[in-house]
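Geometric and topological summary
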Amino acid sequence: MSDSPAAFELLAADLAAQGTDVAAVLAALQQQQIETPSWGYANSGTRFKAFAWPGAATTTAQKLDDAAMVHRMTGIAPSVAIHIPWDRPADGDYAAMCQYAGERGIRIGAVNPNVFQDAQYRLGSLGSPDSGAREAAIEHLVECCQIMRLVGSDALSLWFADGTNYAGQDSLRARKQRFEHGLAATYRHLPPGARMLIEYKFFEPAFYSTDIPDWGTAYAWCLKLGPQAQVLVDLGHHAQGVNIEQIVGFLLDEGRLGGFHFNNRKYADDDLIVGSSNPWELFLIYHELTSAELGADEPARSTARQVAYMLDQSHNIEGKLAPMIYSVLNCQEAYARALCVPHARLAQHQAEGDVLGAHAVLSDAFRRDVRPLLRVVRERLGVPTDPLAALRASGYEARIAAERGVHATAGGFQ
Ligand code: PSV
Ligand code: MN
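Report follows, based on the coordinates.

Cut-offs and rules
Residues numbered from 1 in each chain as written. Chains lettered and ligands numbered in written order. Predicted model: local features only at pLDDT ≥ 70, side-chain atom pairs only at ≥ 80, totals over all residues. Heavy atoms only, no water. Phe/Tyr/Trp six-rings, centres within 6.5 Å; stacked < 30°, edge-to-face > 60°. Helix = DSSP H or I, 4+ residues; strand = E, 2+ residues; numbered from the N terminus. Buried < 20%, exposed > 50% of the residue type's maximum accessible area, 1.4 Å probe, protein only. Donors = N, O, S within 2.8 Å, 3.2 Å for Na, K, Ca; no water. Tetrahedral: all angles 85-135°; square planar, octahedral: opposite > 155°, others 65-115°. Polar contact = N/O pair within 3.5 Å; in protein donor to acceptor, adjacent residues only side chain to side chain. Contact = heavy atoms within 4.5 Å. Near = heavy atom within 4 Å. Areas by Shrake-Rupley, 256 points an atom, 1.4 Å probe, with all protein chains shown as cover. Arc of directions from axis to C-beta. Disulfide = S-S within 2.5 Å.

1. What about the packing of aromatic side chains?
Within the structure shown, the criterion is met by 18 aromatic pairs. Aromatic side chains F262 and Y286 sit 5.8 Å apart centroid to centroid with 40° between the ring planes, which places their arrangement in the tilted category. Taken as a pair, F262 in strand β9 (residues 257–262) and Y286 in helix α9 (residues 279–294) lie far apart in primary sequence, 24 residues in all. As far as burial versus exposure is concerned, F262 and Y286 are alike and both buried.

Okay, structure coming up:
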């Protein structure tokens, strides 16, 4: 068996021989954390049809129950990102929400405002030519800063649907200026020590221009805003072929990488299971992160250690909990492989200009079977060694399907 104790001994000996500190690798894996999105437990999906999944969560309490189950199965998903207003409690009792999460062994993570759902945002939110829409957006963003205080969150995670569909529809520079004003107005309300994470997306739902189209725009605004503003990289928000790991490296080196929205895509913003179609890309991203995390360079080192790792996925045909667990495990495996990269050997090949030698070091690490390591990590975390099998065996999905039934509501989009 590749994940037997004997397999672990063999792997540990091999890693030690290449100079890797196996105890440190195990410790890092035990500390890894992946945040799951509340909206991923509800019925959500494509703009064509959100298929109703039996037992899909319809309330925040149910989303927290499901997230807690994902954490019980994996041991590394202790927080949940919330989306306001989808997760706004009817009675405004955020303390009760936190308590509910805490009783289930998890906590509330990033707060995601929603300035794209209301009719008033037809022409945008912070970038809208309508001052009423801009003011409503700022008011909502400020409310989310207040919610952060109530739930003890340290991340305001911003994504905007803003942009235009037609050339000439609006002034591109005026939109830029309105955005800068709105972001600055929000930044002032961040709780002390909290971060504003700014997401970019090059198209969709706007198709001619997007107000934050790329990481460079987000980065430039972070610099203007101040040290609490950082860039959020959503893997589905780039044009085909963009080298995301290079963006990650740049932002780490500048101390402005705030977090990730992990998912995988083949064509556009597909929001599928992270690592399902391009595990090599996920590994290379983790390699940038681990080399910063394990290196001595500042601010890259401390920035890497603070990165908010979040999933932003939408599961439409494959259930809800299993794909979420699958995603968490894919991140765990990518991180484990990246931790096994022999950095000194890689640096030597690079310094010698040994192109293929250096490449082979990385691709060999990518091909490593890290299951023996993960077995030990799961044993130490006290979680099932096969989380997906344990989910199936638990009967949890059948139980929630029976208890909750099938609801046609989309993920909070009531
Ligand atoms: C829409 O593209 C999106 O997937 C963004 O990535 C946001 O982060 C997410 O929805 C939640 O609002
Ligand atoms: Mn996202």
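The rest of the description comes next.
2. Structural notes on the coordination of the manganese ion (ligand 2)
The protein atoms that coordinate the manganese ion (ligand 2) are E199 (OE), D234 (OD), H261 (ND1) and D312 (OD), at distances spanning 2.1 to 2.2 Å. Metal-centred angles of 72 to 162° between the six donor atoms at the manganese ion (ligand 2) mark the site as octahedral. Read in sequence order, the donor residues coordinating the manganese ion (ligand 2) give the pattern E-x34-D-x26-H-x50-D. You can see E199 sitting in strand β6 (residues 195–199) and its partner D234 sitting in strand β8 (residues 229–234), a full 35 residues away along the chain.

3. Let's talk about the side chain of R404
As for its placement among the helices and strands, R404 is situated in helix α16 (residues 396–404). Taking the relative accessible area as the measure of exposure, R404 reaches 10% and is therefore buried. Polar side-chain contacts of R404 include one of 2.8 Å to the side chain of D66. Among all residues touching R404, those that are not within four sequence positions of it are G55, A56, A57, Q62, D65, D66 and Y396.

4. Brief notes about the site of ligand 1
All residues in the neighbourhood of ligand 1 are listed as W39, H83, F116, W159, E199, K201, D234, H237, H261, D269, D271 and D312. In the environment of ligand 1, an oxygen atom lies 2.7 Å from a nitrogen or oxygen atom belonging to the side chain of H83. Here an oxygen atom of ligand 1 sits 3.2 Å away from a polar atom, N or O, in the side chain of H261. Within the complex, 88% of the 310 Å² of free accessible area of ligand 1 lies under protein.

5. Details of helix α2 (residues 22–31)
Listed as buried for α2 are V22, V25, L26, A28 and L29. One side of α2 holds all its buried residues, which, seen down the axis, span an arc of 160°. When the buried face of α2 is taken as reference, the exposed residues oriented beyond 90 degrees from it are A23 and Q31. Those residues of α2 that are buried are in contact with α1 (5–17), α11 (321–339) and α14 (371–381). Between the side-chain oxygen of the N-cap and the backbone nitrogen of A23 there are 3.2 Å, and the N-cap of α2 in question is D21.

6. Some words on the state of the cysteines
The final tally for this structure, using the stated rule, is zero disulfides. Lacking any disulfide linkage, C98 is separated from the closest cysteine sulfur, that of C144, by 14 Å. With no disulfide of its own, C222 has C145 as its nearest cysteine by sulfur position, at a separation of 14 Å. Residue class for C222 comes out buried when judged on its relative accessible area of 0%.

7. With respect to unusual backbone geometry
The amide bond that connects E204 to the next residue, P205, takes the cis arrangement and shows omega of 5°. Within the secondary structure, P205 sits in the loop between β6 and β7 (209–210). Geometrically, the link from E298 to P299 is a cis peptide bond, its omega value of 10° lying close to zero. Here P299 is to be found in the loop between α9 and α10 (300–306). We note that E204 has phi near 75°; this positive angle belongs to a residue other than glycine.

8. Quick look at the environment of A308
Its place among the elements puts A308 in strand β10 (residues 308–311). Expressed as a C-alpha distance, the spacing of A308 and V383, which sit 75 residues apart in the sequence, is 23 Å. Non-local contacts of A308, meaning those with residues more than four positions away in its chain, are made with R195, L197, G258, G259 and F260.

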